[in-house]
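# Remarks on the overall topology
Chain residues, written in single-letter form:
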Amino acid sequence: MNRVKLGAWLIPVLFLLLACVPFVAQAIGEPFYITFFARVLVYALAACALNLVLGFAGLVSFGHAMFIGLGCYAVGILTYYGFSDGWLQLGVAVAVCALVALVVGSVCLRTSGIGFIMITLAFAQMFYFLMVSMTTFGGDDGLNINEPSNFGLFELSGSSEVYWAAWVVLLAATVFMARLKKSPFGMVLRATHINPRRVNAFGYSVFRVQLAAYVISGVLTGVAGVLLANLTAFASPSYMSWPVSGDLIVMLVIGGLGTIVGPIIGAVAFLVMEEFFKGLTQHWMLIMGPVIVVIALLTRNGFGWLTRQREAQSAQTRAPVAGEVPAKAAAVPAGEAQ
């Protein structure tokens, strides 16, 4: 019962605590924490987007960092040519990410397993080397962004502004994911991972459902890239590198695949551990690697147990509705907690 109550209050409590960070940082005279947790929120947003395809559909995308880079360069390149309008930058980032996700997804989703993983990685590396070769925009050295995104009523001119923008977007994305997970589309999407043949048998196209999820995920990751570009005032090909995609996957594993708050908890845990171990030694990876392995081995689905009990409770108490479409029931087998 305590777990059920904890799961019910976890999201509002978590966002309330995150909202207190800037005030606490100012009170103790440590503005560094605002910048640090702004970075945490940005990566939590990217992990939340990846959770849609990895946590819900079981598609291991090893190239999602590509969309972060595209969002960053949408800001950087437009600013380079004198366009600092935030809505224009956001619109271009969304359009480019949607188009790239549509093309990449159309190719990758015709494969499965290791094939899907390697093709997403290949596309990400293609864009990585494309930006490295574009010396006009800094090449391997990256591109400085001299003007923040101006949205009219506000502009992302500092860490505090980026922090609150990321907080609002992440809250909206979390609510969206929570509603999507329980929607018919979300049920069918999860069912494509559990039993794709049954999904096809009920008249749904596994390819189209997964492609729609991949495009939504790519767009949301691109928005995270726009925020990251304003936070760092920099766009670099390194944002597209495969280790960044690996970090996002690790965040989900730590936080809990397929859970709503898992990406946030995973991002906080991962980046806090990284910062802590960096302060101890320059060989911090030798410590952090085993810690992540221990978390993965000793905790089933990371910290997903925080919400799993609540979801299982709601699934058990849900009464069948007379005349309900069988496909909706078949999409998620009885007893599934995730």
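See the structure above.
Here goes a summary of the coordinates provided.

## A look at the pattern of salt bridges
Counted according to the given criterion, the structure contains two salt bridges. A salt bridge links R39 to E274; its shortest N-O distance comes to 3.5 Å. Taken together, the residues span a long stretch of sequence, with R39 in helix α2 (residues 32-56) and E274 in helix α11 (residues 262-280) at a distance of 235 residues. Here E274 makes a salt bridge to K278, at a shortest N to O gap of 3.7 Å. You can see E274 and its partner K278 sitting in helix α11, four residues apart, about one turn around the helix. Through salt bridges with shared partners, one network takes in R39, E274 and K278.

## Things to note about the packing of helix α3 (residues 65-80) against helix α4 (residues 86-108)
Across the interface, α3 lies against α4 with an axial gap of 9 Å and an inter-helix angle of 145°. Read as a crossing pair, α3 and α4 show a hand that is right-handed. The segment α3 lies against α4, with M66, F67, L70, G71, A74, V75, L78 and T79 engaging L88, Q89, V92, A93, V96, C97, V100, A101 and V104. Classifying every residue of the contact of α3 with α4 gives 14 nonpolar, three polar and no charged.

## So, the packing of helix α10 (residues 242-255) against α11
Direction vectors running N to C along α10 and α11 enclose 115°, while the axes themselves pass 7 Å from each other. In terms of their interaxial angle, α10 and α11 are classed as roughly perpendicular. The two elements α10 and α11 meet at a crossing, and its hand is right-handed. Between α10, through D247, V250, M251, L252, I254 and G255, and α11, the contact on the second element is made entirely by G262, P263, G266, A267, A269, F270, L271 and M273.

## A look at the side chain of H64
Looking at where H64 falls in the secondary structure, it is placed in the loop between α2 and α3. A distance of 2.6 Å separates a polar atom in the side chain of H64 from a polar atom in the side chain of S217. Each residue touching H64, except ones within four places of it in the same chain, is listed here: A49, L50, V53, Y214, S217, G218, T221, S245 and L248.

## Describing the environment of A235
Mapping A235 onto the fold places it in strand β2 (residues 234-235). What makes A235 buried here is its relative accessible area of 0%. For the pair A235 and A74, spaced 161 residues apart in the sequence, the C-alpha separation amounts to 9.1 Å. Those residues within four positions of A235 in sequence are excluded, and the remaining contacts are C72, Y73, G142, L143 and I145.

## Concerning the packing of aromatic side chains
We describe a pair of aromatic rings using the distance from one ring centre to the other and the angle between the two ring planes. In total, this model carries 17 aromatic pairs according to the counting rule given. Here F32 and F36 contribute two aromatic rings whose centre-to-centre distance is 6.0 Å and whose plane-to-plane angle is 25°, an arrangement assigned as stacked. Here the residue F32 and the residue F36 both occupy positions in helix α2, the gap between them amounting to four residues, near one helical turn. Note on F36: relative accessible area 7%, which makes it buried. Ring geometry for F67 versus Y214: centroids 6.0 Å apart, planes at 70°, classification edge-to-face. Remark: Y214 occurs in helix α9 (residues 206-232) and F67 occurs in helix α3; sequence separation between them is 147 residues. Residue F67 is classed as buried on the basis of its relative accessible area, which comes to 0%. Overall, Y214 belongs to the buried group, its relative accessible area being 0%. Feature note: the residues F15, F23, Y163, W164 and W167 constitute an aromatic cluster, connected by ring pairs.

## Considerations on the nonpolar core
In this structure, M66 and Y163 are the most contacted members of the largest nonpolar core, which totals 106 residues. A total of 19 residues in this core trace back to one element, the largest contributor, which is α2. Filtering out sequence-adjacent residues up to four positions away, M66 remains in contact with V100, V104, F123, A124, F127, Y214 and M240.

## Thoughts on unusual backbone geometry
Its identity is not glycine, yet A233 carries a phi of approximately 55°, on the positive side. Tracing the backbone through its elements, the reader meets A233 in the loop between α9 and β2.

Basis of the calculations
Residues numbered from 1 in each chain as written. Predicted model: local features only at pLDDT ≥ 70, side-chain atom pairs only at ≥ 80, totals over all residues. Heavy atoms only, no water. Salt bridge = Lys/Arg side-chain N within 4 Å of Asp/Glu carboxyl O. Helix = DSSP H or I, 4+ residues; strand = E, 2+ residues; numbered from the N terminus. Axes fitted to C-alpha atoms, helices over the stretch in contact; angles between N-to-C directions. Left-handed = near helix turned anticlockwise from the far one by under 90°. Contact = heavy atoms within 4.5 Å. Nonpolar A, V, L, I, M, F, W, Y, C, P; charged D, E, K, R; others polar. Parallel < 35°, antiparallel > 145°, perpendicular 65-115°, else oblique. Polar contact = N/O pair within 3.5 Å; in protein donor to acceptor, adjacent residues only side chain to side chain. Buried < 20%, exposed > 50% of the residue type's maximum accessible area, 1.4 Å probe, protein only. Phe/Tyr/Trp six-rings, centres within 6.5 Å; stacked < 30°, edge-to-face > 60°. Core = buried A, V, L, I, M, F, W, Y, C linked by side-chain atoms within 4.5 Å.

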